[in-house]
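Each chain, written out:
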Amino acid sequence: MNVLKQFNLTGKTALVTGCNKGIGKGMAMGLAEAGADIIGVSASLELSGSEIEKEVIALDRKFKAYQADFSDRKSLYAFIEKVLVENSSIDIFINNAGTIRRAAAAEHSDENWDTVTAINLDAPFILAREIGKHMLQKGSGKIIFTCSLLTFQGGINVISYAASKGALGSVVKGLANEWAGKGVNVNGIAPGYIATDNTKALQADPVRNKAILDRIPAGRWGSPEDFKGAVVYLASDAANYVHGEILTVDGGWMGR
């Protein structure tokens, strides 16, 4: 197949969690620009008239919106049942929704731990398992998890986030080991330091901001736009022989 055609996602449907802003929105837009229709879900996503919906429709792609609270198991399962009933095929699943709580480990509460691990680890696994069942039945599908630099590192004052993202890296590899031979690709993308709501505290801290920028060879914070190419690649036929990989999009951070 011609290499340009391999990246064409026309006729595919992609489900993107946490699509309302930040990295998730950047990924959704990249997939839509490559030809995919988008199913979006977020706790804060308007069911009609959202900015992401307008931007996807402007590309002559379809957009369907859902709301769900992934910290609540009943809400999570209700969403899964609804989205699978209402959509005949999900070809690409971007397992992106996440949260972060900042506190020193000695003061990191049970509530912080439980909320972060529910959203960042429990929900992504359950979603991948249930949507993956349908992909396995048809013998094809692409699942892409949003991991983190803290899939590989420990971080500072974000112990629940680091734990959840570290475990998520093993989920990626474990699912890939089981599903690669059955037509389903499971991979991850590990963002570096990206200018989003989750990193506002770091951007506003002159000491941490300088330390971060001094280590990034590219010399800048990343942006949601930087994820379009990576997600389209992993979602496309160009990545058919890529399984269990975690692609860093980090301005060179992990190489230093």
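First, a word on scope: everything that follows refers to the structure included in this document. (Residues numbered from 1 in each chain as written. Predicted model: local features only at pLDDT ≥ 70, side-chain atom pairs only at ≥ 80, totals over all residues. Heavy atoms only, no water.)

Observations regarding the overall build of the protein
- Within the protein, the regular secondary structure consists of 9 helices and 7 strands.
- Its C-alpha radius of gyration of 17 Å places the protein within 12% of the 18 Å reference for a compact globule of 256 residues.
- When its C-alpha atoms are laid out on the principal axes, the protein stretches across 50 × 40 × 40 Å.
- For the protein, the proportion of its 256 residues judged to be buried stands at 50%.
- Of the contacts made within the protein by residues no fewer than 6 positions apart, 73% connect residues no fewer than 24 positions apart.
- As displayed, the protein offers around 11,800 Å² of accessible surface, 51% of which is attributable to carbon and sulfur atoms.
- Taking the 27 positively charged and 27 negatively charged side chains of the protein as two groups, their mean positions are separated by 4 Å. (Helix = DSSP H or I, 4+ residues; strand = E, 2+ residues; numbered from the N terminus. Rg over C-alpha atoms; globule rule 2.2 N^0.38 Å. Buried < 20%, exposed > 50% of the residue type's maximum accessible area, 1.4 Å probe, protein only. Contact = heavy atoms within 4.5 Å. Areas by Shrake-Rupley, 256 points an atom, 1.4 Å probe, with all protein chains shown as cover. Lys, Arg positive; Asp, Glu negative; His and termini not counted. Charge placed at Lys NZ, Arg CZ, Asp CG, Glu CD.)

Some remarks on unusual backbone geometry
- In this structure, Asp60 is a non-glycine residue whose phi angle is positive, near 65°.
- Secondary-structure assignment places Asp60 in the loop between helix H3 (51-58) and strand S3 (63-66).
- Taking the relative accessible area as the measure of exposure, Asp60 reaches 66% and is therefore exposed.
- We note that Asn157 has phi near 65°; this positive angle belongs to a residue other than glycine.
- Mapped onto the elements of the fold, Asn157 is located in the loop between strand S5 (141-146) and helix H6 (159-179).

A word on H6
- Given a rise of 1.5 Å per residue, 21 residues ought to cover 30 Å, and the 30 Å separating the end C-alpha atoms of H6 matches this to within 8%.
- The complete set of buried residues in H6 reads Ser160, Tyr161, Ala162, Ser164, Lys165, Leu168, Gly169, Val171, Val172, Leu175, Ala176 and Trp179.
- Against helix H5 (110-138), S5, strand S6 (184-191) and strand S7 (246-249) lie the buried residues of H6. (Expected span 1.5 Å × (residues − 1).)

Topic: the sheet that holds S5
- Sheet architecture is open: 7 strands sit in the order S3-S2-S1-S4-S5-S6-S7, paired in parallel fashion. This sheet does not close on itself; its edge strands, each paired only once, are S3 and S7. Adjacent strand axes in the sheet meet at a mean angle of 20°, parallel and antiparallel pairs treated alike.
- Two elements, strand S4 (residues 92-95) and S5, share 4 bridges in a ladder whose sense is parallel. If you follow Asn95 over to S5, its bridge partner there is Phe145.
- Each of strand S1 (13-17), S4, S5 and S6 is contacted by H5, which is oriented at about 175° to S4, the strand it contacts most. (Pairing = 2+ DSSP bridges. Axes fitted to C-alpha atoms, helices over the stretch in contact; angles between N-to-C directions.)

A word on the state of the cysteines
- According to the stated counting rule, one finds 0 disulfides in the structure shown.
- Of all cysteine sulfurs in the structure, the one in Cys147 sits closest to Cys19, which takes part in no disulfide; the separation is 19 Å.
- Judged by relative accessible area, which is 0%, Cys19 ranks as buried.
- By relative accessible area, Cys147 is classed as buried at 1%. (Disulfide = S-S within 2.5 Å.)

Points about the pattern of salt bridges
- All told, the structure shown has 15 salt bridges when counted by the stated rule.
- A salt bridge links Asp122 to Arg73; its shortest N-O distance comes to 3.7 Å. Highlighted residues: Asp122 in helix H5 and Arg73 in helix H4 (residues 73-86), separated in sequence by 49 residues.
- Judged by its relative accessible area of 29%, Asp122 is partly exposed.
- One connected set of salt bridges, linked through shared partners, spans Lys21, Asp197 and Lys200. (Salt bridge = Lys/Arg side-chain N within 4 Å of Asp/Glu carboxyl O.)

Describing the packing of helix H2 (residues 22-33) against helix H9 (residues 228-235)
- The geometry of H2 relative to H9 is characterised by a closest axis approach of 8 Å and an angle of 60° between their N-to-C directions. As summarised for this structure, H2 and H9 are arranged oblique, according to the angle between their axes. Along this stretch, H2 crosses H9, giving a crossing that reads as right-handed. Across the interface between the two elements, Gly26, Met27, Met29, Gly30, Leu31 and Glu33 from H2 touch Lys228, Val231, Val232 and Ala235 from H9.
- Considered class by class, the residues forming the contact of H2 with H9 number 6 nonpolar, 2 polar and 2 charged. (Parallel < 35°, antiparallel > 145°, perpendicular 65-115°, else oblique. Left-handed = near helix turned anticlockwise from the far one by under 90°. Nonpolar A, V, L, I, M, F, W, Y, C, P; charged D, E, K, R; others polar.)

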